[in-house]
Amino acid sequence: MSKHSGPPGQPDQPQPGERDAWLPVSARKNRRRRVVLADPRGRGRVLRTIIELEEQTSVGEKLIRDLIRQQLRTAAVLGVGTLVLLGALPLLFYLVPAVSDVEVAGVPLPWLLLGVVPFPLCYGVGYAYRRLAERHEHDFVSSVDR
Amino acid sequence: MTRNLWSLGLVVVVAAITFLLGYVGSRRANTTPDFLVARRAIPATRNAAAISGEYLSAASFLGVAGLVLKDGIDALWYPIGFTAGYLAMMLFVAAPLRRSGAYTLPDFAEARLGSTNLRKFCTFFVICIGVLYLVPQLQSAGLTLNTITGLPAWLGGALVTVIVVVNVLGGGMRAITLVQAFQYWGKLFAIAAPTFVLFAVFLGGPGNGAKPVDHADVLRFHEPVSVTTAEQVRLQVVVPMELSATGQVNGGRADGDVFWTPGTYTVGKGTVLRFEAGAPVPVVEGSPTDNEHWLKPQTGGPSGLFETYSLIFATFLGTMGLPHVLVRFYTNPDGRAARRTALHVLYLLGLFYVFPTVLGVISRLYLPELLVSGKTDAAVLLLPETMQPNLLGQVLGAVVAAGAFAAFLSTSSGLVVSVAGVVSTDILPGKVRDFRWATVLTGAVAIGLALVLPRSDASLTVAMSFALAASTFCPLLVLGIWWRGLTWVGAVAGLVVGGGLVIGSQAITVISSYTGGWAPSVFSMPALVTVPVSFLTMVMISKLTSRRRPEDVNQILLRFHAPDPLGFMRDRDVQRFGTAEEKARLAERRDPRAWDQP
């Protein structure tokens, strides 16, 4: 399926019906198809497991529960970690006022800690999350193809 | 006068480009999905620029520098919160929200919990937050136009409303995407260029006799200054001082030289205060009075600490509940693209926020008079010409003014689109015509409120809408996406309790501000209390009503979390508003027997 054949709103969606539209309905399902998993462009199709997942067989349900738990754990660890890191700063400044007297390159340390550091930190955490979340999804797609 | 012409000229240029890009974007917009979610076909980088353009509102462009000027280092939590809130949104919400296939926040609630009652509650809160966010934008637009050209304040808001409404009428989300992406880069340039130039000037030495900000003393005027108050202000004086006042002071008539002992003074509207060089700067009540408190973090004692944490809670968790931010995520092609867009936004935001901080610090040396009048939001606008009273200053001032104008336009258009989308699909039948009517209605209500309501700092009103979003939609989204146990009854209870507490505490704050300021800070910064309460309510009530859990909750969560290549995503706007051809394509895309839900 080439990129421009999709409808404008859903360029990344597979369209199973298109290719074998000339076959009778019963034959469509049984037709041999080439299944590409985890295609870098994200256009793989895994029909058998999809149906398993949809009907929530015990295997399918366990798979998706694990994925959700894994994604949530990643997000929570990164999110709470960032919150603790940034959230410790006001308490630190409150309890140890001496921090305010430290200067780095002529700028008081708190101004650097609040005015500059949080932004690359947020980006870094976001980058890590994107990597991890996409890896989990990639692994999931691979694991449903047995 | 030449300065006005420069500024006015650049503002007109911004408006013209806005119209032009809006026209280009809306040429092919004719269906409801076009208007609501731009057909979900916006590439990640452009979408990220559009989101940043929309997100960096007047509160960021003008407000952050103003708050730094006034409150010092503790104000830096605003930009941090605005950025980290985006991170929270990316971690917990972005991809599953897009995969839900919803087209508005109320639609997400119905998709997840299958309740039209809940949908109605969400509609109410979306309109609340949207309008609450829109009003300060329009008011600040008035302030900006008034500051740079002297035109009456109502004209700025009206102008922004007209431009935005006309643009949105043409093509809805499709029209404004390109506009907002352009406006991000416009804003970045408009704040970066003056910052570089002014910072270079500043490094060359203040040159105006001002003491450096770390000078251990109260802030002092470095030249004779005359300040006319535009509205009633309460000023704190900590060092005995002499000044000359003409007008109302503490309810009595003042005319000529007066001597102020330490204390609080109420200065009436239109009073002229004249200060000698070297006189201490009286500051508006609630701000640090000396350099030490301004420069050092957490000098406000336990209540200051509470306020900081409450602000962290409100902004970190509130971003994900802002309807105009969420609706942009629906325009991504799929969940993965939504996540990538969010990451890109983090980088764009971090790039931007360095600049207003620097301008806020510099403006303390050059514009102490703003601390007296309380109009600190104007700092960024006035700084270039105060530092460089020549052609360079005029041009830079005009660039900043144009950037501020772009900020009002992009944020307002995002808000108008999101509110109009909700109004047209939930209150009206949802055709393109209804969307257009909803746009006009939203614009009219917002400008009406902007003219009637009193003005306060843009960032503070915005902080209030963050608190509301954090206490209502944040728990709904996080629990809805990650927890199977949520029921619609629990969700409604959480929305009502969280939203009710925030609205109630705001009402108390407003009443207290008119009757002597007796309310403690927990009422003006309620998020630290209301967010956990709202979460708890949702969980408890959901557990009590666990029979009402949607039967197909497993399928729904599967759709939210299954990787995009598996093709579970189903766009609800196409289902409801798409043409017959689009619907057929949608049905054909997947094996139909899996979806027995209507």
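These notes cover the structure that comes with them. None of these values were measured; they are calculated from a predicted model.

Bringing the overall build of chain A into the picture now. When you go through chain A residue by residue, the secondary structure sums to six helices and two strands. The N-to-C order of helical and strand elements in chain A reads α-α-α-α-β-β-α-α. Buried positions account for 40% of the 146 residues belonging to chain A. Here chain A has roughly 8,100 Å² of accessible surface; of this, 61% comes from carbon and sulfur atoms.

Moving on, we come to the packing of helix α8 (residues 116-149) of chain B against helix α16 (residues 391-427) of chain B. Residues and elements named next belong to chain B. Orientation of α8 relative to α16, taken along the N-to-C sense of each, is 155 degrees, at an axis distance of 9 Å. The pairing of α8 with α16 is recorded here as roughly antiparallel in orientation. α16 is crossed by α8, and the crossing has left-handed handedness. The residue inventory of the contact of α8 with α16, partitioned by class, reads 18 nonpolar, eight polar and two charged.

Here we take up the pairing of strand β1 (residues 225-228) of chain B. Residue and element names in this part refer to chain B. Here β1 shows one buried face, formed by V225 and V227, and one open face, formed by S226 and T228. With four bridges joining them, β1 and strand β6 (residues 272-275) adopt antiparallel strand pairing. Across the sheet, residue S226 finds its bridge partner in β6, namely R274.

Let us now look at the nonpolar core. Residue and element names in this part refer to chain B. By size, the foremost hydrophobic cluster in this structure holds 209 residues, and its most contacted members are Y86, W260, F329 and L476. Here this core takes 18 residues from α16, the largest share from any one element. Apart from residues lying up to four places away in sequence, W260 is in contact with L235, V237, V239, P240, M241, L243, V249, Y265, V267, L273 and P282.

Turning our eyes to something else, we now look at the pairing of strand β2 (residues 233-237) of chain B. Residues and elements named next belong to chain B. Counting buried residues along β2, four of its five residues qualify, which places the element largely inside the surrounding structure. Relative to strand β5 (residues 263-267), β2 runs antiparallel, the two sharing five bridges. The residue of β5 that forms the bridge with V233 is V267. Strand direction decides the pairing type here: β2 and strand β7 (residues 283-284), joined by two bridges, are antiparallel.

Analysis parameters
Residues numbered from 1 in each chain as written. Chains lettered and ligands numbered in written order. Predicted model: local features only at pLDDT ≥ 70, side-chain atom pairs only at ≥ 80, totals over all residues. Heavy atoms only, no water. Helix = DSSP H or I, 4+ residues; strand = E, 2+ residues; numbered from the N terminus. Buried < 20%, exposed > 50% of the residue type's maximum accessible area, 1.4 Å probe, protein only. Areas by Shrake-Rupley, 256 points an atom, 1.4 Å probe, with all protein chains shown as cover. Axes fitted to C-alpha atoms, helices over the stretch in contact; angles between N-to-C directions. Parallel < 35°, antiparallel > 145°, perpendicular 65-115°, else oblique. Left-handed = near helix turned anticlockwise from the far one by under 90°. Nonpolar A, V, L, I, M, F, W, Y, C, P; charged D, E, K, R; others polar. Pairing = 2+ DSSP bridges. Core = buried A, V, L, I, M, F, W, Y, C linked by side-chain atoms within 4.5 Å. Contact = heavy atoms within 4.5 Å.

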